[in-house]
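Notes for the structure review
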Amino acid sequence: MEASLTARDRVGIQDFVLLDTYTSETAFLDNLRKRFHENLIYTYIGTLLVSVNPYKELDIYSKKQMDTYMGVNFFELPPHIYALADNAFRTMMSEFNNHFILISGESGAGKTEASKKILQFYAVSCPSTKVLNNVRDRLLLSNPVLEAFGNAKTLKNDNSSRFGKYMDIQFDHQGGAVGGHILSYLLEKSRVVHQNHGERNFHIFYQLVEGGEEDLLRWLGLERNCNSINDKSDWKTVRKALSVIDLSESDIENLFGIIASVLHMGNIKFEADARGYATLNNNQEMQWVSKLLGIPNQVLQQGLTHRKIEAKSEEVFSPFSVDHAVYARDALAKAIYGRTFSWLVNKINESLANMDSSRKTVIGLLDIYGFEVFSVNSFEQFCINYCNEKLQQLFIELTLKSEQEEYEMEGIEWEPVPYFNNKIICDLVEEKFRGIISLLDEECLRPGEATDLTFLEKMEDKIGGHPHFVTHKLADQKTRKTLKRGDFRLLHYAGEVTYCVVGFLDKNNDLLYRNGKEVMRQSKNGIIKHCFPSTEPDSKRRPETVVTQFKNSLVGLTEILMMKEPWYVRCIKPNEAKQPGHFDDVLVRHQVKYLGLMEHLRVRRAGFAYRRKYEIFLQRYKPLCPDTWPNWKGTATEGVRCLIKHLGYKSDEYKMGRTKIFIRHPRTLFATEDAFQVCKHKLATRIQAKYKGYKVKGGYLKQREAATKIETCWRGMMARRERQRRAWAVKVIKKFIKGFMNRHQPACTDNSEYLAYVRHSYLTRLKENLPKTVLEKDSWLNSPPILQEVSQVLKKIYIRHMVRKYVRGITPQRKAQVQSVVRDYFISILRLTLFFQGVSVSNLSDNFLILHVTCDDSKQKGDLVLQCDFLFEALTKLNVIANKQNCIHVVQGSVRFDIQPGREGFVDFKSGQESMVYRAKNGHLMVVSL
């Protein structure tokens, strides 16, 4: 969190506790607005999470984000609902105690989505086995089922929860989700029979009609129509979820039959007969209800048009007027739907039940309606706002308690915190005999003609002097203009709310005539039989009123929550148009007020704004003090004491607890953080310079080491080569000396290489010193003894050619060319003596001969193709010089020869009328002779 303070001017502060002007509502809104416009929808007030609905998808709920927040200190990362969920889970696991997360806010603020995100986080972060996965799936899929049957489209929200829900998630000692339990509060049953203009009934009615299969709709007597809000796709989700939570096909069939029967029941119309009694004007809808609920048509019809009266030992059926029949029909429809909803919650609980009796820890999720203020507020808003008063009372008590406990645990003196105690409002509503609830019940139960106005008069009489209660009659002249005669106004902790008393008595009674229950008991529908059991006592006493039942359930809920450690999520709606990026200051200010956020902030800031464990504080800010940087040798407490002394903290700016430092003012923390940022840049520069030097030195050392290795390897390789070269030289010299000593001996192994060297050396020198003219024939190079005979033959051949060309009278230019040819010819003869293998001639008079030689060098020429006028003399001499038998081959037709090593050619011989030599079409050399 501290790292984010550097950008506080642009993105605000992550924790409202660090607001310097914490009592200013304007400063609070400014900070909330800054963060909202940067898509930072979460902000803390201590451990309370404020969430602003962005009305758009944000990429902050991925699996990667979940992994990031798992096991991380609460304030270490930016505020997020995953951080709150993770810290509640880890605290539960470490302390082995129970927790709850209270999610509140007005309709459309994102409460349901927040609850889903927490469930999804636990589904991913908890250990996984086949059994645990089964429980996880049921926990997740219980949501779409409860949303379908308990949520509806309102003017403010397309998916508004019309009931309160508390879900316990049970964890084993390893942190695996092993079970759960759900409690529901105050389902808005009146929505079944009446919806305001622009609103809808519960989602399940539209999902069934829009998404149900044709055969199912035909069996239910329903017709498909078109609606929005993804009814068709949601139907598929709900249909799958019902199977996952272990509802049998029979239960599902009965459930759909009940939903369809409620729809048909709404179409039942009554008209008055001649005596003014109610009769049915269309029996078709009644027949569908009778069929779907499995109740005889006549029995059902009598139950909706007559009231059973018991007089002593007699039972009399008194006919209804049209108004009474409509009331009985609506009461029955509400009772059927309300009891079916309770049955469904119980079935979900059965599927989530954990059979292991070992002790479990739980995290509760309370997703409940927020404070509601409409243009016309009725009985439902009264109950909802009473619930919020009770939760605010609990909220302040638990917050003060946790603050006081932390101070005492750290050994810091607790300073009393001034705050608005809303007990006075709670007492106004719930006090025995004098509270509004008692007065309402009394008016509902008293004999005589009780009306909504008589209830208003009774309140004016009993509580007329209360400072938080006012009516048109009791108000001063100015206030009276804002109140109608049937209104009363309560001054709640969140502000004034005006209620219209019309409908209070009817909605509080919510009576179902006794014979209506008896009719339902004759049903063959399994769920209806369960919801209206024959064992239900038929007490003649009136049942508890709706508001009393709600009050008692709130008392039970409060007891549950008081035994758990609290965490809070406060959801805010930024605008009424559900428009992304639009922040309505007036609307948000109103919600900040009735959510009690300023009150909570004042409680958290009454003492010290900032507190951190010594280890965390020292680890971050130790660079600011030379004595603590870079490593502090003592305890963390001593290190922090040394650090704040160096920073010059005044005694009234901080307190040292047992494990934490408490800083009173945010400006002290901001100054420390700003100094740290300056120091951090200086340290970064020094570290960067050191690092660069380290990298350069490391690179140099690596290069030097590499150069040394290369040099060593190179020297070793050169030494090995020198040793090999010297060994070879010694061997060659030895052979040369040995050959020289045996040079006059016949050719053998000892002198063969030496003789070859002498022969090669002489022929090479002869090649360079051939006579240029016939007159220089006495300048012939002297030969070694072993080559004297070869030298004489070569001399005679060379001179004969030179003489022949000379005799023919060649020109000087031609003479030079001939000499060159002769030299090449002679050089070829020299090669012949070295590499001669054999000679091939044809059986014709063409004077051609092919000398076959051995040559391994691909750069040298191969066999020689020559034409010689003295063919027989040359062949004879070659045979003598080569000293080889059978070296002359006389062929007929064609001779193969090597042009170069690996490249062959052919000479074809034939007789003709004219001598010629040319290249044939097949690439062969063609020689034609006479």
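Report follows, based on the coordinates. Keep in mind that this is a model prediction, so the values were computed, not measured.

Considerations on the overall build of the chain
A tally of regular secondary structure across the chain gives 31 helices and 27 strands. Radius of gyration (C-alpha) of the chain: 55 Å, far over the 30 Å computed for a compact globule of 930 residues. Taking all 930 residues of the chain together, 48% fall into the buried category. Intrachain contacts of the chain at a sequence separation of at least 6 include 63% that bridge at least 24 residues.

Considering the sheet that holds strand E1 (residues 42-45)
Strand order in the open sheet formed by seven strands is E1-E2-E16-E3-E12-E6-E7, with mixed pairing between adjacent strands. Looking at the sheet topology across the chains shown, the edges are occupied by E1 and strand E7 (177-185). Averaged over all pairs of adjacent strands, the angle between their axes in this sheet comes to 20°, without regard to strand direction. Here strand E2 (residues 48-52) runs beside strand E16 (residues 565-572); their pairing, made up of four bridges, is parallel. If you follow Val52 over to E16, its bridge partner there is Ile572. Across the face of the sheet, helix H4 (residues 81-95) comes into contact with E1, E2, strand E3 (99-104), strand E6 (164-171), strand E12 (361-367) and E16 while running at roughly 170° to E16. Docked against the sheet, helix H24 (residues 597-605) engages E1, E2 and E16, running at close to 50° with respect to E1.

Observations regarding the pairing of E7
With eight bridges joining them, E6 and E7 adopt antiparallel strand pairing. When the bridges of E7 are listed, Lys165 appears paired with Ser184. Once E6 ends, the chain turns through five residues before running back antiparallel as E7, passing Gly175 with a positive phi of about 90°.

Some thoughts on the packing of aromatic side chains
Under the definition given, this model contains 29 aromatic pairs. With centroids separated by 6.0 Å and ring planes inclined at 80°, the aromatic side chains of Tyr61 and Tyr82 adopt a geometry described as edge-to-face. In this pair, Tyr61 sits in the loop between E2 and helix H3 (63-69) while Tyr82 sits in helix H4, placing the two residues 21 residues apart along the sequence. Accessibility expressed as a relative area gives 25% for Tyr61, which makes it partly exposed. With centroids separated by 6.4 Å and ring planes inclined at 35°, the aromatic side chains of Tyr691 and Tyr694 adopt a geometry described as tilted. On the criterion of helical spacing, the pair formed by Tyr691 and Tyr694 is a turn pair, its members being three residues apart in helix H27 (residues 666-741). By relative accessible area, which is 47% here, Tyr691 ends up partly exposed. Ring pairing ties together the aromatic residues Phe379, Phe382, Phe455, Phe469, Phe488, Tyr499 and Phe504, which thus form one cluster. Seen from the ring of Tyr61, Lys117 lies directly overhead, with NZ or CZ sitting 4.8 Å from the centre. A cation over a ring is seen here: Arg743 above Phe740, with NZ or CZ 3.9 Å from the ring centre.

Cut-off values and rules
- Residues numbered from 1 in each chain as written.
- Predicted model: local features only at pLDDT ≥ 70, side-chain atom pairs only at ≥ 80, totals over all residues.
- Heavy atoms only, no water.
- Helix = DSSP H or I, 4+ residues; strand = E, 2+ residues; numbered from the N terminus.
- Rg over C-alpha atoms; globule rule 2.2 N^0.38 Å.
- Buried < 20%, exposed > 50% of the residue type's maximum accessible area, 1.4 Å probe, protein only.
- Contact = heavy atoms within 4.5 Å.
- Pairing = 2+ DSSP bridges.
- Axes fitted to C-alpha atoms, helices over the stretch in contact; angles between N-to-C directions.
- Phe/Tyr/Trp six-rings, centres within 6.5 Å; stacked < 30°, edge-to-face > 60°.
- Lys NZ or Arg CZ within 6 Å of the ring centre and 35° of its normal.

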